[in-house]
Amino acid sequence: MLKDLVALTKPRIIRLNLIAAFGGYWVASRWEIDLWGLLWMLLGSALTMASACVFNNYLDRDFDTKMERTRDRALPQGRMKPQAVLLYAIVLGVVGSCVLFVLVNELAGWLGLLGIFVYVVIYTMWLKRNSTWSTSIGGISGAMPPVIGYCAVTGEVDMGAWIMFALLFLWQPAHFWSLAIRRVEEYRAAGFPLLPVVKGITRTKWQMLPYIVLLVPASVLLYTYGYVGIYFLVLSVALSIVWLVHTVAGFRAKNDDKWAKTNFIISINYLMIMFLTMILDTNRIVG
């Protein structure tokens, strides 16, 4: 039971997003850390993200039976009742939102609710079942963690918050489409109209390119506005170029599955290295 409760929250997704949330908080604080503020932000963010993921499991339970990757989950296997999972999602969302509203700030709370709404209603209930735009628009929810972290310190949406949003929003499509290419036949069988299912793998590769390219100016802006130093700028641009070169090489790939697996791994490492460097190279408060 405990294992299933944890799995329903998609802990790997939460772990990656908490790194992003921590990065956003650290950049905004500029090394002047309020430890309790940081901990409450991370807890509230984790709970709201977990809520959205559990809602996703609840709503996708019928589709999950059709995919090898998901058919062993608790709901498709009948190890948990749908009503219990729905209650679990609601409780996580309420507690997480209360933590953000009461113990962080009102803006962080509203951003957490926005993330849940976009992921559950716009992405899971609507676009994922009806449009190839699901990945791009759904990326709004995935871009919330670093913005929540940043706004937990500033209490306002300024240029830094928008840059944080851009970095995660632009990262997600190429990351997810790499996985979707590997699982394209499973998604086709399940009836999800993802881009590689509807438009094909080659079109999906083309679609990845502008998102990866735009990561470069987003990184430059973070440096230009004085949030980070030169080490972040150089490394983030270099990583973007590596990812872009590998994506372009995909047009000549003889084995799309092997190429997509490597591209997916590059995307994961890009995110972790970029945020780690961002944290270490955050500019301190002067004076």
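Just so we're clear, the structure is a prediction, and the values are computed from it rather than from any experiment.

Cut-off values and rules
Residues numbered from 1 in each chain as written. Predicted model: local features only at pLDDT ≥ 70, side-chain atom pairs only at ≥ 80, totals over all residues. Heavy atoms only, no water. Axes fitted to C-alpha atoms, helices over the stretch in contact; angles between N-to-C directions. Helix = DSSP H or I, 4+ residues; strand = E, 2+ residues; numbered from the N terminus. Parallel < 35°, antiparallel > 145°, perpendicular 65-115°, else oblique. Left-handed = near helix turned anticlockwise from the far one by under 90°. Contact = heavy atoms within 4.5 Å. Nonpolar A, V, L, I, M, F, W, Y, C, P; charged D, E, K, R; others polar. Expected span 1.5 Å × (residues − 1). Buried < 20%, exposed > 50% of the residue type's maximum accessible area, 1.4 Å probe, protein only. Phe/Tyr/Trp six-rings, centres within 6.5 Å; stacked < 30°, edge-to-face > 60°. Lys NZ or Arg CZ within 6 Å of the ring centre and 35° of its normal. Disulfide = S-S within 2.5 Å. Core = buried A, V, L, I, M, F, W, Y, C linked by side-chain atoms within 4.5 Å.

Asker: Looking at this structure, how should I read the packing of helix α6 (residues 106-130) against helix α7 (residues 134-142)?
Answerer: A packed helix pair is summarised by two numbers, namely the angle formed by the two axes and the spacing between the axes. At a minimum axis separation of 7 Å, α6 and α7 run at an interaxial angle of 165°. As judged from the angle between their axes, α6 and α7 are roughly antiparallel. When you trace α6 past α7, the crossing you get is left-handed. Contacts from G115, V118, Y119, I122, Y123, L127 and K128 of α6 reach α7 at S134, I137, G138, I140 and S141. Grouping the amino acids of the contact of α6 with α7 by side-chain chemistry returns 7 nonpolar, 4 polar and 1 charged.

Asker: Can you walk me through helix α5 (residues 82-104) in this structure?
Answerer: Turn by turn, an α-helix covers 3.6 residues, leaving residues three or four places apart pointing in a common direction. Over its 23 residues, α5 runs 32 Å from end to end, which matches the ideal 33 Å to within 8%, given 1.5 Å per residue. Looking at α5, one finds that the buried residues are V85, A89, L92, G93, G96, S97, V99 and L100. Close packing links the buried residues of α5 with α1 (2-8), α3 (35-59), α6 and α8 (144-154).

Asker: I would appreciate a short explanation of the packing of aromatic side chains in the present structure.
Answerer: A ring pair, where both rings are aromatic, is described by two values, the distance of the centres and the angle of the planes. The final tally for this structure, using the stated rule, is 14 aromatic pairs. Between F101 and W110 the ring centres are 5.3 Å apart and the planes differ by 85°, which places this aromatic pair in the edge-to-face class. Residue F101 is classed as partly exposed on the basis of its relative accessible area of 28%. Joined through ring pairs, the aromatic side chains of F63, F176, Y187 and F192 make up one cluster. One cation-aromatic arrangement involves K205 over W259; the distance from NZ or CZ to the ring centre is 4.8 Å.

Asker: When you look at the state of the cysteines in this model, what are you seeing that I'm missing?
Answerer: By definition, a disulfide links two cysteine residues through a covalent bond between their sulfur atoms. All chains considered together, the criterion is met by 0 disulfides. Distance from the sulfur of C151, which forms no disulfide, to the nearest cysteine sulfur (C98) is 20 Å.

Asker: Is there a simple way to think about the environment of H246 in this case?
Answerer: Looking at the secondary structure, you find H246 in helix α13 (residues 230-249). In this structure, the C-alpha to C-alpha distance between H246 and M41, residues 205 residues apart in sequence, is 36 Å. H246 has contacts with W259, T262, N263 and I266, leaving out every residue within four places of it along the chain.

Asker: Help me understand the environment of A218, please; the structure alone is not making it clear to me.
Answerer: Here A218 is to be found in helix α12 (residues 201-224). Those residues within four positions of A218 in sequence are excluded, and the remaining contacts are I163, A166, L167 and L170.

Asker: Teacher, can you tell me more about the nonpolar core here?
Answerer: In summary, soluble globular proteins display a tendency toward joint burial of nonpolar side chains. Residues Y187, L222 and M278 are the most contacted members of the largest nonpolar core, which totals 83 residues. For this core, the element with the highest residue contribution is helix α9 (residues 159-182), accounting for 15 residues. Here M278 is in contact with G23, V27, M164, L167, L222, V228 and F232, once residues within four sequence places are set aside.

Asker: What's the story with the side chain of S178 in this structure? I'm lost.
Answerer: Looking at where S178 falls in the secondary structure, it is placed in helix α9. Look at S178 and you get buried, because its relative accessible area is 0%. Apart from the residues within four sequence positions on either side, S178 is in contact with M208, A260, N263 and F264.

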